[in-house]
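The primary structure of each chain is shown beneath.
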Amino acid sequence: MVQLNQDFIKSIAKDMPAHLSMDDFISYSSKPLRPSIRINTLKISSEEFISLMAPKGWTLEPIPWCENGFWISLDNEVQLGNTVEHLQGLFYIQEASSMLPPVALSSSLLDGSELSILDMASAPGSKTTQIAAMMNNKGLLVANEYSSSRVKVLHANLVRMGVSNTALTHFDARVFGEYLFEQFDTILLDAPCSGEGTIRKDPLALNNWGLEESIAIADTQKALIESAFLALKPGGSLVYSTCALSRLENQDVCNHLKEKFPQAVEFESLANLFPGADKACTDEGFLHVWPQIYDSEGFFIAKITKSREVDRQKPQPRKQKNFPFTPITSKVEVELRHYFKQTFDIELPIDGLIMVRDLEYWLFPAAMKELIGKMRFQRIGVKLADGLKKGFKVKHEAVVALAGNSTGFELSQTQAIQFLMGRDIPLVDGGKPQGEVIVTYHECALGVAKHLGGRLKNNLPRDLVRDRVADSNATTAD
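Residues numbered from 1 in each chain as written. Predicted model: local features only at pLDDT ≥ 70, side-chain atom pairs only at ≥ 80, totals over all residues. Heavy atoms only, no water.

Student: I tried to follow the packing of aromatic side chains on my own but got confused; where do I start?
Tutor: What describes a pair of aromatic rings is the distance from one ring centre to the other and the angle between the planes of the rings. A complete count under the given rule lists 23 aromatic pairs for this structure. Their ring planes at 70° and their centres at 6.4 Å tell us that Tyr 240 and Phe 300 sit as a pair that is edge-to-face. With a gap of 60 residues between them, Tyr 240 in strand β9 (residues 232–242) and Phe 300 in strand β12 (residues 299–306) connect regions that are remote in the sequence. For Tyr 240, a relative accessible area of 0% corresponds to the buried category. Residues Tyr 339 and Phe 340 carry aromatic rings whose centres are separated by 5.5 Å and whose planes lie at 80° to one another, so their mutual orientation is edge-to-face. Owing to a relative accessible area of 11%, Tyr 339 belongs among the buried residues under this scheme. Owing to a relative accessible area of 0%, Phe 340 belongs among the buried residues under this scheme. The structure contains a cluster of three or more aromatic residues connected by ring pairs, namely Tyr 339, Phe 340, Phe 344, Tyr 361 and Phe 392. The positively charged end of Lys 258 is found above the aromatic ring belonging to Phe 267, 5.3 Å away from the centroid. (Phe/Tyr/Trp six-rings, centres within 6.5 Å; stacked < 30°, edge-to-face > 60°. Helix = DSSP H or I, 4+ residues; strand = E, 2+ residues; numbered from the N terminus. Buried < 20%, exposed > 50% of the residue type's maximum accessible area, 1.4 Å probe, protein only. Lys NZ or Arg CZ within 6 Å of the ring centre and 35° of its normal.)

In structure tokens, the structure reads:
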């Protein structure tokens, strides 16, 4: 039985709805979470994934609010995070409640083709990659993370999941309302919080809980939600979410925004977001998910519409100078497109911006045109290739993001494990050398190798090489 902080219990008791009981809350807080995953539709459909994994003993139970989310049970113990399927980005290990905020945004995404979306607190990337999949890599998704170390984790997950429509920023998110005023169609603010809802995952989460700290966190949340609202276009939608349980960090923060902009803030009811959503719905139309309602983590989700323009709070900042990228020449673009088509059967998108910096060639989302000079960006789009004296050298992230249904050299599970461990793949009757080839597993790109006839020379980036890769049937490969 988990030992809950008694100060927390006394505080949260006043926020718990009358139809729920504290005994159930304490009981569910002691239960381990059901493991859950989200299938990455940028690389594979849910139907295809289920068919692939059923023979391996994977049973997937649909999560009611996310069409590509599933609770998972296995015939044998499997290290999910070390399986080939996880490492190649076919799925993301994501708690079920965590899938709710992007789903709340989904009705605002339409086809996602021309939208500019901001994820204000992105790392490690579960919701960012979920939104990118909903957008089908179209439009522009600005993903911000304040912690520099977590930016690296975020970028790694974007690459693994084949996301190509993002621009990464590294700021205190309170700057967005000033620098990118009324710029975004849709915004997700999954705000930093006290983490009260994560007790089932982290039994120590509430050991140091204190009301004063929660009050300080709520002050930050209020500043962040104001910034988000200012960065939102009139008519746009903002989803505010936390994994906290108190009204202080949830309803009170949303009501603060309404008090600040009473003529422009409208709360949209989420009571019909999915069958059974009304069980967690508040009077305002927010979802206040307690662990015992859906046997999940605790979570809070609010959807807010900006019904009209609001006044700027600060003057327009000066334009940023010295943007290091320039558009490539038409001649080089033809050569680069030819290289990708002839070598890898990859058609580079015609609606992106192909840019160059020091003989590095990058594919930017087209909507980046509007943002250049308004803010500094850590990383934009996908690095396609390095320029050589004669020709180009493809980058791993370009292949895994853009290969799609391009033909590749299909590996067995044993070969795929060896490839991810950085080893060359011996070939029997490999034929004539073919040069650079895409290597695939489940007909989905793993990376690039050089076909030398008798073997595939491994070109996996050193930072992606794994010491250990798990067999998705049960055992672990050494």
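Student: Looking at this structure, I do not really get the sheet that holds strand β14 (residues 353–357). What am I missing?
Tutor: The pairing of strands in a sheet happens through backbone hydrogen bonds and is either parallel or antiparallel. Taken in spatial order, the 5 strands line up as β13-β14-β15-β17-β18 in an open sheet, and their pairing is antiparallel. Of all the strands in the sheet, the pair left with one neighbour each is β13 (326–327) and β18 (392–394). Note: strand β17 (residues 382–387) against β18, 3 bridges, orientation antiparallel. When the sheet's bridge partners are listed, Asp 386 is paired in β18 with Lys 393. Along the sheet, helix α12 (residues 330–344) makes contact with β14, β15 (360–364), β17 and β18, crossing β18 at roughly 50°. (Pairing = 2+ DSSP bridges. Contact = heavy atoms within 4.5 Å. Axes fitted to C-alpha atoms, helices over the stretch in contact; angles between N-to-C directions.)

Student: Would you mind showing me how to read the environment of Gly 285 here?
Tutor: The topology assignment puts Gly 285 in the loop between β10 (265–268) and β11 (287–289). Between the C-alpha atoms of Gly 285 and Gly 210, which are 75 residues apart in sequence, the distance is 28 Å. Each residue touching Gly 285, except ones within four places of it in the same chain, is listed here: Glu 268, Ser 269 and Leu 270.

Student: Sorry, what's going on with a negative patch on the surface here?
Tutor: Among the surface-exposed residues, Glu 47, Glu 48, Glu 67, Glu 410 and Glu 443 lie close enough to one another that they form a single negatively charged patch. Its location among the elements puts Glu 443 in the loop between β21 (435–441) and β22 (444–451). (Patch = residues over 30% accessible without salt bridge, like charges linked within 9 Å, V, L, I, M, F, W, Y side chains within 5 Å. Areas by Shrake-Rupley, 256 points an atom, 1.4 Å probe, with all protein chains shown as cover. Salt bridge = Lys/Arg side-chain N within 4 Å of Asp/Glu carboxyl O. Lys, Arg positive; Asp, Glu negative; His and termini not counted. Charge placed at Lys NZ, Arg CZ, Asp CG, Glu CD.)

Student: Could you clarify how one ought to interpret the packing of helix α1 (residues 6–13) against helix α2 (residues 22–29) in this entry?
Tutor: Each pair of packed helices can be summarised by the angle the axes make with each other and by the distance between the axes. One can describe the packing of α1 onto α2 by two numbers: an axis separation of 12 Å at closest approach and a directional angle of 135°. In terms of their interaxial angle, α1 and α2 are classed as oblique. The interaxial crossing formed by α1 with α2 has right-handed handedness. In this structure, α1 uses Phe 8, Ile 9, Ile 12 and Ala 13 to contact α2, whose residues at the interface are Met 22, Phe 25 and Ile 26. Taken together, the residues of the contact of α1 with α2 sort by class into 7 nonpolar, no polar and no charged. (Parallel < 35°, antiparallel > 145°, perpendicular 65-115°, else oblique. Left-handed = near helix turned anticlockwise from the far one by under 90°. Nonpolar A, V, L, I, M, F, W, Y, C, P; charged D, E, K, R; others polar.)

Student: I keep staring at the pattern of salt bridges and nothing clicks. Help me out?
Tutor: Side-chain pairs of opposite charge can arise whenever the charged atoms involved come near each other. The final tally for this structure, using the stated rule, is 24 salt bridges. Note that Asp 185 is salt-bridged to Lys 233, the shortest N-O span being 3.3 Å. Of this pair, Asp 185 sits in strand β8 (residues 184–190) while Lys 233 sits in strand β9, and the two are 48 residues apart along the sequence. The salt bridge partner of Arg 337 is Glu 333, with a shortest N-O separation of 3.0 Å. Here the residue Arg 337 and the residue Glu 333 both occupy positions in helix α12, the gap between them amounting to 4 residues, near one helical turn. Assessed through its relative accessible area of 25%, Glu 333 is described here as partly exposed. Through salt bridges that share partners, Arg 357, Glu 360, Lys 383, Asp 386 and Lys 395 make up one connected network.

Student: I keep staring at helix α7 (residues 148–160) and nothing clicks. Help me out?
Tutor: Working note: α-helix, 3.6 residues per turn, so residues spaced by three or four point in the same direction. The end-to-end C-alpha distance of α7, which contains 13 residues, comes to 19 Å, matching closely the 18 Å that a straight helix rising 1.5 Å per residue would cover. Inspection of α7 places Val 151, Leu 154, Asn 157, Leu 158, Val 159 and Arg 160 among the buried residues, and these make up the whole buried set. Where α7 ends, the next residue or the one after it, Gly 162, has phi of about 75°, a positive value. (Expected span 1.5 Å × (residues − 1).)

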